[in-house]
Amino acid sequence: MTTWLTSDTHLGHRNIARYCGRPPDHEWRIVQGWQRALKPGDTLVHLGDFCFKSARPSASWFAEIPRGVRTVLVEGNHDRRGKALGLGWGEVVSEGAQPHRLRCGGLTFAAQHRPPVDLPAWADAAVFGHVHERGTPVTWERGILRACLCVELWDYSPVSLESLCRVYWSEMERRWG
């Protein structure tokens with residue numbers, strides 16, 4: 001069972017390709033990424049801005065998530081104005097309840113839509129979205145791994161939480177031997 005992360009798909013948003021330099025087939029690439037990675041029993045944590053306003057296309061995009069995958073929406077700024085909240089997510093984490101805790105490999109990740117300014121003392125790492133192509137996939141600040149999961153930065157595919165754990169522990173090994 002694998003936990004997968006993604007953010008800021010903005011499915012059904014007509015202008016997102018122009019705003020963020022996405023290729024014309026970006027929605028197809030996102031769905032292909034889900035179908036390649038996600039297996040029954042896995043969890044998909046979407047770090048916000050799943051869709052943009054319209055309910056009908058959003059429901060058809062949500063239906064593309066393979067059956068048997070547990071879904072978690074960490075609410076983004078467009079989700080509360082759009083129709084994403086009513087799509088049948090297994091769990092929805094409201095903006096007021098963020099950050100959401102994710103655990104992997106002895107680490108605790110703070111999961112939220114916007115890049116964190118301050119992290120809770122329990123957080124070893126942060127995963128977030130919101131900044132699109134202006135983000136950096138993985139950075140380190142004051143000993144904290146920060147991973148931006150916006151789809152533009154990860155070839156429109158979800159990223160496994162386990163792979164981020166490996167990045168963390170590799171960096172710790174490099175720094176501290």
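Note: the structure precedes this text.
The text that follows walks through the structure, step by step, so that each part is easy to find.

1. Things to note about helix α2 (residues 26–37)
Then, number 1: Taking 1.5 Å of rise per residue, 12 residues should cover 16 Å, and α2 covers 16 Å from first to last C-alpha, within 8% of that figure.
Then, number 2: H26, I30, V31, G33, W34 and A37 are the residues of α2 that are buried. Down the axis of α2, the sector holding all buried residues measures 155°, keeping them to one side. Exposed side of α2, more than 90 degrees from the buried face: W28 and R36 are the residues found there.

2. Points about unusual backbone geometry
Then, number 1: With an omega of 10°, the peptide bond running from Q98 to P99 counts as cis.
Then, number 2: Even without glycine at this site, H10 takes up a positive phi of about 50°.
Then, number 3: With respect to the element layout, H10 can be found in the loop between β1 (3–6) and α1 (16–20).
Then, number 4: For H130, which is not a glycine, the phi torsion comes out positive at approximately 80°.
Then, number 5: Examined against the element boundaries, H130 turns out to sit in the loop between β7 (125–128) and β8 (138–141).
Then, number 6: Classification of H130 as partly exposed rests on a relative accessible area of 21%.

3. A look at the pattern of salt bridges
Oppositely charged side chains are able to pair whenever their charged atoms sit close together.
Then, number 1: Scanning the entire structure with this criterion turns up eight salt bridges.
Then, number 2: The residue E133 makes a salt bridge to R134 at a minimum N-O spacing of 3.7 Å.
Then, number 3: Using a relative accessible area of 32% as the deciding quantity, one classes E133 as partly exposed.
Then, number 4: Each of E171, R174 and R175 takes part in one network of salt bridges that share partners.

4. A closer look at the packing of aromatic side chains
Then, number 1: Enumeration over the complete set of coordinates arrives at six aromatic pairs.
Then, number 2: Measuring from ring centre to ring centre gives 5.2 Å for F50 and W89, while their planes differ by 90°; the resulting arrangement is edge-to-face. On the criterion of sequence distance, the pair formed by F50 in the loop between β2 (43–46) and α3 (55–62) and W89 in the loop between β3 (70–74) and β4 (91–93) is long-range, its members being 39 residues apart. Across the pair, exposure class does not vary: F50 and W89 are buried alike.
Then, number 3: Plain terms: the ring middles of F62 and W89 are 4.9 Å apart, the flat faces sit at 65° to each other, and that makes the pair edge-to-face. With F62 in helix α3 and W89 in the loop between β3 and β4, this residue pair connects regions lying 27 residues apart in the sequence.
Then, number 4: On the accessibility criterion, F62 (14% relative accessible area) is buried.
Then, number 5: Assessed through its relative accessible area of 9%, W89 is described here as buried.
Then, number 6: An aromatic cluster of three or more residues is present, and its members are W34, F50, F62 and W89.
Then, number 7: One Lys or Arg, R101, reaches over the ring of W122 and ends 4.0 Å from the middle of that ring.

5. Structural notes on the environment of P120
Then, number 1: Secondary-structure assignment places P120 in the loop between β6 (107–111) and β7.
Then, number 2: Between the C-alpha atom of P120 and that of A110, which follows or precedes it by 10 residues, the distance is 8.0 Å.

6. Topic: the sheet that holds strand β9 (residues 144–148)
Then, number 1: Taken together, the five strands give an open sheet; going across it, the order is β5-β6-β7-β9-β8, and neighbouring strands pair in mixed fashion. In the strand order of this sheet, the two ends are held by β5 (100–104) and β8, each with one partner. On average, adjacent strands in this sheet sit at an angle of 25° to one another, irrespective of strand direction.
Then, number 2: Both β5 and β6 contribute to a ladder of five bridges, which runs antiparallel. Paired with R101 across the bridge in β6 is A110.
Then, number 3: The strands that helix α4 (residues 161–176) touches are β5, β6, β7, β8 and β9; relative to β8, the one it contacts most, it runs at about 45°.

About the cut-offs
Residues numbered from 1 in each chain as written. Predicted model: local features only at pLDDT ≥ 70, side-chain atom pairs only at ≥ 80, totals over all residues. Heavy atoms only, no water. Helix = DSSP H or I, 4+ residues; strand = E, 2+ residues; numbered from the N terminus. Expected span 1.5 Å × (residues − 1). Buried < 20%, exposed > 50% of the residue type's maximum accessible area, 1.4 Å probe, protein only. Arc of directions from axis to C-beta. Salt bridge = Lys/Arg side-chain N within 4 Å of Asp/Glu carboxyl O. Phe/Tyr/Trp six-rings, centres within 6.5 Å; stacked < 30°, edge-to-face > 60°. Lys NZ or Arg CZ within 6 Å of the ring centre and 35° of its normal. Pairing = 2+ DSSP bridges. Axes fitted to C-alpha atoms, helices over the stretch in contact; angles between N-to-C directions. Contact = heavy atoms within 4.5 Å.

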